[in-house]
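The residues making up each chain are set out below.
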Amino acid sequence: MSKTPSPIVSFVPIIAMVAMLYVAVSSFGSDALSGPSQVVLLVASALTVAIGMAVYKIEWARFENAIVDNIKGIASATIILLIIGALSGAWMLSGVVPTLIDYGMAVINPRFFLATACIICILVSVMTGSSWTTIATIGIALMGIGQAQGYSDGWIAGAIISGAYFGDKISPLSDTTVLAASVSHTPLFDHIRYMLYTTIPSIVITLIIFVVAGITGDVAESSQIDRISAVLNARFNITPWLLIVPIVTGVLIARRVPTLITLFASTVMAVIAAVIAQPDILASLGHGDRPVFEGAMKMLTTETSISSGNALVDDLISTRGMAGMLNTVWLILCAMCFGGTMTASGMLRSITAMFARMMKSTFSLVSSTVCSGLFLNLTTADQYISIILTGNMFRNIYEREGYESRLLSRTTEDSVTVTSVLVPWNSCGMTQSTVLGVPTLTYLPYCFFNYLSPIMSMIVAAFSYKIYRKATGKQ
């Protein structure tokens, strides 16, 4: 490279991408994720390559290697996505999710559903360390319960995601927590303890909001809940024996069995449960000599819909299977192409260096790190890449200014881990939107914990609370 692109030049592909995404979404609506958004990301990637090769004489091999490296990094995530698609179909049509919904409607007070759902996801995600696993299992059941109790999809998904990402951020089992601590050279439990100063206030405010929203909002009448319960019991064989599947899944998670193995085993158990408990439903999906076998295959792989006589229940029990995840996989691959070209061209480094030059105080240092993390989530479309780049770019600056490494690790988590799910084209945003069946922009306003975290990080920095310089040992 003859020289590094200036920030102005570096913003050109990003501005072009945002403009094209706006046109695509306004033209196609929710169907933009079925192809137009992917084309936009590829066009933005091509523009980045054209500028890099024509102006800065960067060889194509550099771009190609960066793209390949990015795609390698998300290879396991794409397999997990496909298995989650199969698992969601199996859990639904086997009766596992309908059983959880039926029992949950009887136990959870509708007025406190949002706060209860958030707390349940907090407990599960802290124990598992995985927001993806939490949302793909208990999150799906909570969506059904919330819909039956009259809450909008945005509020329900916001409560689920807020709780799930609390655990993803704070659990010692979380890969993002370990990664943020490792990149900044911070002992893991020092990192976790230091995060409590921003994380606890954020989740407390979030829970208060959910409690107030539940008390003051409109919820379904008990008669409607009774009707939904009656429809579920008429269409499915509701039995506590089906709870064996989520219980065994929870045991596998607690024993830290690898995610792929856990999700695959849970899917197999759900298929067996479907064959035993819901053979009529499987048979209704098949049309050949082996209707139950065909039905099981369709349950795992394609979109399915079952008529129950109740429109809400019909929407609730419809599934997408592995095929429903293909648009998400396609979008992630295209997003990785754009992130790779931005990295290889040096444009990403140029923009983040611009943030670094803004630092003149503790507040500006933390604010620059937060802005950089948010920006990387938007451009690289992957939280792991964003965590690594943020830690590497700012580590030397924090050391030079005499700040403890745990300040960097905490700020990185506050700005990257929890906000990745708020970006429609980020791998996290695309995944959770697909799994929950709720568009990212629909649930975004209700994910209070996710955008309170970076704000709280800057507020704490503004007051220099529990922030020390190593050189003086003073706060």
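Refer to the structure above for everything that follows.
Residues numbered from 1 in each chain as written. Predicted model: local features only at pLDDT ≥ 70, side-chain atom pairs only at ≥ 80, totals over all residues. Heavy atoms only, no water.

Asks: Break down the packing of aromatic side chains for me, citing the residues and quoting the values.
Replies: Under the counting rule described, the total for this entry stands at twelve aromatic pairs. The interplanar angle of 85° and the centroid separation of 5.8 Å between the aromatic rings of Y197 and Y465 together place this pair among those described as edge-to-face. Of the two residues, Y197 is situated in helix α10 (residues 188-216) and Y465 in the segment after α24 (448-462); the sequence distance between them amounts to 268 residues. By way of ring pairs, the aromatic residues W155, F210, Y446, F448 and Y451 are connected into one cluster. Over the aromatic face of Y194 sits the side chain of R410, whose NZ or CZ is 4.1 Å from the ring centroid. (Phe/Tyr/Trp six-rings, centres within 6.5 Å; stacked < 30°, edge-to-face > 60°. Helix = DSSP H or I, 4+ residues; strand = E, 2+ residues; numbered from the N terminus. Lys NZ or Arg CZ within 6 Å of the ring centre and 35° of its normal.)

Asks: I'd like a description of the environment of G167, backed by residues and values.
Replies: Inspection of the secondary structure puts G167 in helix α8 (residues 153-170). Considered as a pair, G167 and C121 are 46 residues apart in the sequence and their alpha carbons are 7.9 Å apart. In this view, G167 contacts S125, V126 and S174; residues no more than four positions away in its chain are not counted. (Contact = heavy atoms within 4.5 Å.)

Asks: Give me the lowdown on the packing of helix α7 (residues 131-148) against helix α22 (residues 427-436), citing residues and values where you can.
Replies: A pair of packed helices is captured by two measures, namely the crossing angle of their axes and the spacing between those axes. Taken N-terminus to C-terminus, the directions of α7 and α22 make an angle of 30°; their axes are 9 Å apart at the nearest point. Here α7 is positioned roughly parallel relative to α22, judged by the angle of their axes. In the crossing of α7 with α22, the sense of the turn from one axis to the other is right-handed. From α7, S131, W132, I135, A136, G139, I140 and M143 reach across to α22, where they touch S427, C428, T431, Q432, V435 and L436. Here the contact of α7 with α22 is composed, by residue class, of eight nonpolar, five polar and no charged. (Axes fitted to C-alpha atoms, helices over the stretch in contact; angles between N-to-C directions. Parallel < 35°, antiparallel > 145°, perpendicular 65-115°, else oblique. Left-handed = near helix turned anticlockwise from the far one by under 90°. Nonpolar A, V, L, I, M, F, W, Y, C, P; charged D, E, K, R; others polar.)

Asks: So what's going on with the environment of G146? Residues and values would help.
Replies: Mapped onto the secondary structure, G146 falls in helix α7. Classification of G146 by relative accessible area gives buried; the value is 0%. A sequence separation of ten residues divides G146 from I156, and the C-alpha atoms of the two residues are 6.1 Å apart. Beyond its immediate sequence surroundings of up to four residues, G146 is in contact with F113, Y151 and I156. (Buried < 20%, exposed > 50% of the residue type's maximum accessible area, 1.4 Å probe, protein only.)

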